[in-house]
Amino acid sequence: MGMIGKNVGRLTIKSHSHTDKERYWCCECECGKQSVHSTRRLNEAMKLGSNIGCECFRLATLKKAIVAATKANTRHGLCHSKLHYMYDNMVKRCYTPSANRYDRYGGRGITVCDEWKNNRSSFYEWALSNKWREGLSLDRIDIDGHYCPDNCRFIPLAQQANNTSRNRFLEWQGKRQTVAEWARELNINAGALQHRVDRGWSLERIFTQPYRGRGE
C-alpha cells in the first residue's frame, strides 16, 4: 500500500479502492473532488508531472487566461481555445449576413444578449461556471429565443444535431420529440413525416392517418 499518501499533481492518494487486473486508488483533489485511478495511470502522471482526475486545474488555467486577456484588453489569452471560436461563431451567426447559417439566426431575429455581446469575458466566465468542456456544444433551450444565460446550455454535439431549426418539435399525447425522433419511434420515413408537417397538417392527422410509403 505504498501508494497511499503520495501526491500526483493536485491529487492525493487516500486509500485503496479495488483490484480489477490492477489496483485502483481513491484520490482527492485539492478542490475536494474525489476520483479513482489505476496504479498505471498514477505512475504515468507522476513520471510526466501531469495533472489528472479533476477539471479544476484546466478551468483555473482558462480563468487565468480570461483575467489576463481582460486586463490586457486583448483576445490573445484564449485565441486558440474552442471557447474562443464558439463565441466568435455565435456572434457572427447573429450579426454577419455573410456568415454561414445567418438566415437561421440573425436573419430571423436571433441576437446575443448585451452582457455577452459587449464583453466576451462574461461569456467565458458563464461557460466555465456551467461546466463547459471540449466536446460540448452551445445550445439554445428555446430555438426561437436569443443567446443569453437563461436560454443557453451545453450539450453533446450529437444531441445538438437533433435540436436544430431543421428538426421541428412535435408534441403528441403528452410527448414532445423532433420529427426525426418521431420517425424512428413510429418506424416511418422521416422525409414523409416532415412533408406532412410542411403541408400544415393538424397533429391529429399527422399522427393518425395511415402511412402509405415514401412518396405518400
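Caption draft 1: Seen up close, the side chain of Gln177. Looking at where Gln177 falls in the secondary structure, it is placed in strand β8 (residues 175-178). Residue class for Gln177 comes out buried when judged on its relative accessible area of 12%. Leave out the neighbours within four places in its chain, and Gln177 touches Arg168, Phe169, Leu170, Trp182 and Glu185.

Caption draft 2: Up close: the pattern of salt bridges. What the rule picks out here adds up to six salt bridges. Here Lys175 ties to Glu185 by a salt bridge, and the two come within 2.8 Å at their closest N and O atoms. Of the two residues, Lys175 is situated in strand β8 and Glu185 in helix α7 (residues 179-186); the sequence distance between them amounts to 10 residues. Its relative accessible area of 37% is what places Lys175 among the partly exposed residues. Each member of the salt-bridge network shares a partner with another, and the members are Glu22, Arg40 and Glu44.

Caption draft 3: Focus on the environment of Ala192. Here Ala192 shows up in helix α8 (residues 190-198). Note: C-alpha distance between Ala192 and Arg212 (20 residues apart in sequence) is 9.5 Å.

Caption draft 4: Region of interest: the nonpolar core. Counting residues in hydrophobic clusters, the biggest one holds 21 residues, and the most contacted among them are Trp116, Phe123, Leu138 and Tyr147. Contributing elements (two or more residues each) for this core: α3 (82-95), α5 (120-129), β5 (136-140) and β6 (152-156). Of all hydrophobic cores here, the second largest spans 11 residues; its members include Leu11, Ile13, Cys27 and Cys56.

Caption draft 5: Geometry of the confidence of the model for the chain. Across the chain, the average pLDDT comes to 80, with 80% of residues at 70 or higher. Of all secondary-structure elements in the chain, the lowest mean pLDDT belongs to helix α6 (residues 157-161), at 55, while helix α4 (residues 114-117) reaches the highest, 94. Counted against residues more than four places away or in other chains, residues 72-77, with its pLDDT under 50, gives six contacts.

Caption draft 6: Structural detail: the packing of α7 against α8. α8 packs onto α7 with a crossing angle of 125° between their chain directions and a minimal axis gap of 9 Å. Relative to α8, the element α7 is oriented oblique. Seen along the crossing, α7 lies across α8 with a hand that is right-handed. Along the contact surface, α7 presents Val179, Trp182 and Ala183, while α8 presents Ala190, Leu193, Gln194 and Val197. In terms of residue class, the contact of α7 with α8 is built from six nonpolar, one polar and no charged.

Caption draft 7: Main features of α7. For α7, the set of buried residues is Val179, Ala180, Trp182 and Ala183. For α7, the angular spread of buried residues about the axis comes to 165°, placing them on one side. Contacts made by the buried residues of α7 are with β7 (169-172), β8, α8 and α9 (203-208). Backbone geometry just after α7 places Asn187 at a positive phi near 60°.

Definitions and limits used
Residues numbered from 1 in each chain as written. Predicted model: local features only at pLDDT ≥ 70, side-chain atom pairs only at ≥ 80, totals over all residues. Heavy atoms only, no water. Helix = DSSP H or I, 4+ residues; strand = E, 2+ residues; numbered from the N terminus. Buried < 20%, exposed > 50% of the residue type's maximum accessible area, 1.4 Å probe, protein only. Contact = heavy atoms within 4.5 Å. Salt bridge = Lys/Arg side-chain N within 4 Å of Asp/Glu carboxyl O. Core = buried A, V, L, I, M, F, W, Y, C linked by side-chain atoms within 4.5 Å. pLDDT = per-residue confidence, 0-100. Axes fitted to C-alpha atoms, helices over the stretch in contact; angles between N-to-C directions. Parallel < 35°, antiparallel > 145°, perpendicular 65-115°, else oblique. Left-handed = near helix turned anticlockwise from the far one by under 90°. Nonpolar A, V, L, I, M, F, W, Y, C, P; charged D, E, K, R; others polar. Arc of directions from axis to C-beta.

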